[in-house]
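Residue strings, one per chain:
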Amino acid sequence: MRASHTAQSESSAIWRYGLAVALVVASLSLTLFLESTFSNRFWFLFFAAVMAAAWFGGSGPGVLAAVLSMLAVDYFLLPPFNRLTLRIRDLPFLVTFAACALAAARIASSLKQTQASLKQARDELEARVEERTAELKKSNEALRENERELRLQTEVIAQQIWSALPDGSFEYCNERLLTYHGCSMEEMRGHGFAKFIHPDDRERVLNAWQEAILRGTVYDLEARQLGGDGKYRWFLIRGLPLRDAVGRITKWYGTNTDIEGRKQAEQALQNSQTELARLSRILTMGELTTSIAHEVNQPLAAVVTNADACLRWLAAEPPNLNKARDSLGWIIQEGNRASEVIQRIRDLSKRAALQQAFFEINEVIRDVGRLLGAELGRNHCVVQTDLASGLPRTLGDRVQ
């Protein structure tokens, strides 16, 4: 392989330097022909040969063409003709000619190298552009594939999912949400979602949405939304902002969670609590009624007992008027006591203040004994009391 490469290099060098010689020979022939025809000097053709040799062959062939051109001019075009002589008066011309020829070769070679460099740079740029284009195309395809997979995932998730632009306008809703509302994506874009909010909740929902957009905070509330069947259901609506590296909101992502079952359970619980409170009031009323009956029954029983006693004293022979009079006095006392009990119960229902006063506790005990007398007699019971005298008076409500 190295030998083949060396042979190719030698062949290329022979071709390039041979081209330089051929160009100089052609320029000399054309110059001699034109000068013999028009009697003018056409030595500039040698510069064209030098530049062509440098352009197609490189700097080495260009220098060779410049040297050969100078020799050809000296030999064929400067007197004495057909001899290589260097006269002093021709020296400035030859030096200028050689400098110009070398400069032309240098310029042509530089232009060629510049063109080659530009071509190489352009090829490299095109290659990079093609490479970057291929990478960008691949990235776009991967992005589209990821987006497609993401959309497929949002479609299979058992949740209503939506996304919105930074200004709050909807740009995407998954199929589950569209199916529930019975609408198309075009109907939901922008702020089309508002028409599916219950009229009683719409203003509250829109105000909360605008506040979340302005402040960049989490959007979280409960509202009723209209379904394709014409019925409203409760949903928990949540939205979160997606921010870039500098904290700017680039998009909103949200979900709608059906909480109709939870709302119904809460309503059922509230109804149960209301019913329980009603039953509690009924039970309390029953207890209060029993207490009222008990409290009123005691003085009424004493009234009946004393009335029976009064009748017995009056039916005696002779009638015992003093005992009957005492019984009537007890009847009046117990009737007043029944009235006081009823009055105290009314005061309790009206949250009136207790009627406290100082009284003798022994008198209350004796009253209770007399109140229970009939009941004790029917049950063949005897109550004995041993009350101390001179006890301090007690402060309280005597009837209660």
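In this text the structure is predicted, and so the values were computed from the model without any measurement.

Asker: When you look at the overall build of the protein chain in this model, what are you seeing that I'm missing?
Answerer: Looking only at helices and strands, one finds eleven helices and seven strands in the protein chain. A buried classification covers 26% of the 400 residues belonging to the protein chain. In the protein chain, of all internal contacts separated by at least 6 residues, the share reaching a separation of at least 24 is 52%. With the model as given, the accessible surface of the protein chain reaches about 26800 Å², and the carbon-plus-sulfur share is 60%.

Asker: Quick question: what am I supposed to make of the pattern of salt bridges here?
Answerer: It is possible for side chains of opposite charge to pair when their charged atoms get near one another. In total, this model carries 15 salt bridges according to the counting rule given. Here Glu135 makes a salt bridge to Arg132, at a shortest N to O gap of 2.8 Å. A residue pair is termed a helical-turn pair when its members lie 3 or 4 positions apart in one helix, as Glu135 and Arg132 do in helix H4 (residues 91-156) at three residues. Residue classification places Arg132 among the exposed positions, given a relative accessible area of 57%. The partner of Arg262 in a salt bridge is Glu222, and the shortest N-O contact between them spans 2.3 Å. Residue Arg262 is located in helix H8 (residues 260-315), and its partner Glu222 is located in strand E3 (residues 219-226); the two are separated by 40 residues in the primary sequence. Overall, the relative accessible area of 24% leaves Glu222 in the partly exposed class.

Asker: Before we go on, may I ask you to explain helix H3 (residues 59-77) in this structure?
Answerer: Turn by turn, an α-helix covers 3.6 residues, leaving residues three or four places apart pointing in a common direction. For H3, spanning 19 residues, the distance from its first C-alpha to its last is 26 Å, which sits close to the expected 27 Å at 1.5 Å a residue. Looking at H3, one finds that the buried residues are Pro61, Gly62, Ala65, Ala66, Ser69, Ala72, Val73, Asp74 and Leu77.

Asker: How do you make sense of helix H2 (residues 44-57) when you look at a structure like this?
Answerer: For H2, with 14 residues, the first-to-last C-alpha span of 20 Å sits near the 20 Å given by 1.5 Å per residue. Taken together, the buried positions of H2 are occupied by Leu45, Phe46, Ala49, Val50, Ala53, Ala54 and Gly57. Downstream of H2 by a residue or two, Gly58 has a phi angle that is positive, lying close to 110 degrees.

Asker: Before we go on, may I ask you to explain the sheet that holds strand E1 (residues 160-164) in this structure?
Answerer: Picture the strands of a sheet paired through backbone hydrogen bonds; they go either parallel or antiparallel. If you walk across this open sheet you meet the five strands as E2-E1-E5-E4-E3, and the pairing is antiparallel. The sheet terminates laterally at strand E2 (170-173) and E3, the two strands that pair on one side only. Between one strand axis and the next, the sheet turns by 25 degrees as a mean value, whatever way the strands run. Lying over the sheet, helix H7 (residues 199-215) contacts E1, E2, E3, strand E4 (232-243) and strand E5 (249-258), oriented at roughly 150 degrees with respect to E3.

Asker: Help me understand empty space enclosed by the protein in this model?
Answerer: Over the atoms, a rolled probe matching the size of one water molecule traces out where space is still vacant. One pass over the full model with this rule turns up two cavities of 30 Å³ or more. In this model, the largest cavity occupies a volume close to 110 Å³. Here the residues of the lining of the largest cavity are counted per class, giving ten nonpolar, three polar and no charged.

Asker: Would you mind going over the environment of Ile249 with me for this structure?
Answerer: With respect to the helices and strands, the residue Ile249 is situated in strand E5. In this structure, the C-alpha to C-alpha distance between Ile249 and Ile213, residues 36 residues apart in sequence, is 9.1 Å.

Asker: Just to check I follow, could you spell out the side chain of Ser69 for this structure?
Answerer: One can find Ser69 in helix H3. Residue Ser69 is classed as buried on the basis of its relative accessible area, which comes to 0%. Not counting chain neighbours up to four residues away, the residues in contact with Ser69 comprise Val24, Phe46, Val50 and Phe97.

Asker: Any chance you could explain the confidence of the model for the protein chain here in plain terms?
Answerer: Atom-level detail of predicted coordinates should not be read off regions where pLDDT is low. Averaged over every residue, the pLDDT of the protein chain is 80; the share at 70 or more is 86%. Mean pLDDT across the elements of the protein chain bottoms out in helix H11 (residues 373-378) (70) and peaks in H7 (93).

Asker: Is there a simple way to explain the state of the cysteines in this structure?
Answerer: Should the sulfur atoms of two cysteines be covalently bonded, the bond is a disulfide. Inspection of the entire model under this criterion finds zero disulfides. Cys173 takes part in no disulfide bond, and the closest cysteine sulfur, belonging to Cys183, lies 7.2 Å away. Owing to a relative accessible area of 3%, Cys173 belongs among the buried residues under this scheme.

Asker: Help me out: how do you make sense of the packing of aromatic side chains in this one?
Answerer: The description of an aromatic ring pair rests on the distance of the ring centres and on the angle between the ring planes. Applying the stated criterion across every chain yields a total of six aromatic pairs. Ring plane angle 55 degrees and centroid distance 4.8 Å describe the contact between Trp209 and Tyr219, whose orientation is recorded as tilted. Of this pair, Trp209 sits in helix H7 while Tyr219 sits in strand E3, and the two are ten residues apart along the sequence. Each member of the pair, Trp209 together with Tyr219, is buried. When the centroid spacing of 5.3 Å and the interplanar angle of 70 degrees are considered together, the rings of Trp209 and Trp252 count as edge-to-face. Residue Trp209 is located in helix H7, and its partner Trp252 is located in strand E5; the two are separated by 43 residues in the primary sequence. The two residues Trp209 and Trp252 agree in class, both being buried. The structure contains a cluster of three or more aromatic residues connected by ring pairs, namely Trp162, Phe170, Phe193, Trp209, Tyr219 and Trp252. A cation sits over an aromatic face here: Lys263 above Trp234, 4.5 Å from the ring centre.

Each value, and the rule that gives it
- Residues numbered from 1 in each chain as written.
- Predicted model: local features only at pLDDT ≥ 70, side-chain atom pairs only at ≥ 80, totals over all residues.
- Heavy atoms only, no water.
- Helix = DSSP H or I, 4+ residues; strand = E, 2+ residues; numbered from the N terminus.
- Buried < 20%, exposed > 50% of the residue type's maximum accessible area, 1.4 Å probe, protein only.
- Contact = heavy atoms within 4.5 Å.
- Areas by Shrake-Rupley, 256 points an atom, 1.4 Å probe, with all protein chains shown as cover.
- Salt bridge = Lys/Arg side-chain N within 4 Å of Asp/Glu carboxyl O.
- Expected span 1.5 Å × (residues − 1).
- Pairing = 2+ DSSP bridges.
- Axes fitted to C-alpha atoms, helices over the stretch in contact; angles between N-to-C directions.
- 1 Å grid on protein atoms, 1.4 Å probe; cavity = no way out; pocket = protein on both sides within 12 Å on 5 of 7 lines; lining within 4 Å.
- Points joined across faces, edges and corners; volume = space filled by probe spheres on them.
- Nonpolar A, V, L, I, M, F, W, Y, C, P; charged D, E, K, R; others polar.
- pLDDT = per-residue confidence, 0-100.
- Disulfide = S-S within 2.5 Å.
- Phe/Tyr/Trp six-rings, centres within 6.5 Å; stacked < 30°, edge-to-face > 60°.
- Lys NZ or Arg CZ within 6 Å of the ring centre and 35° of its normal.

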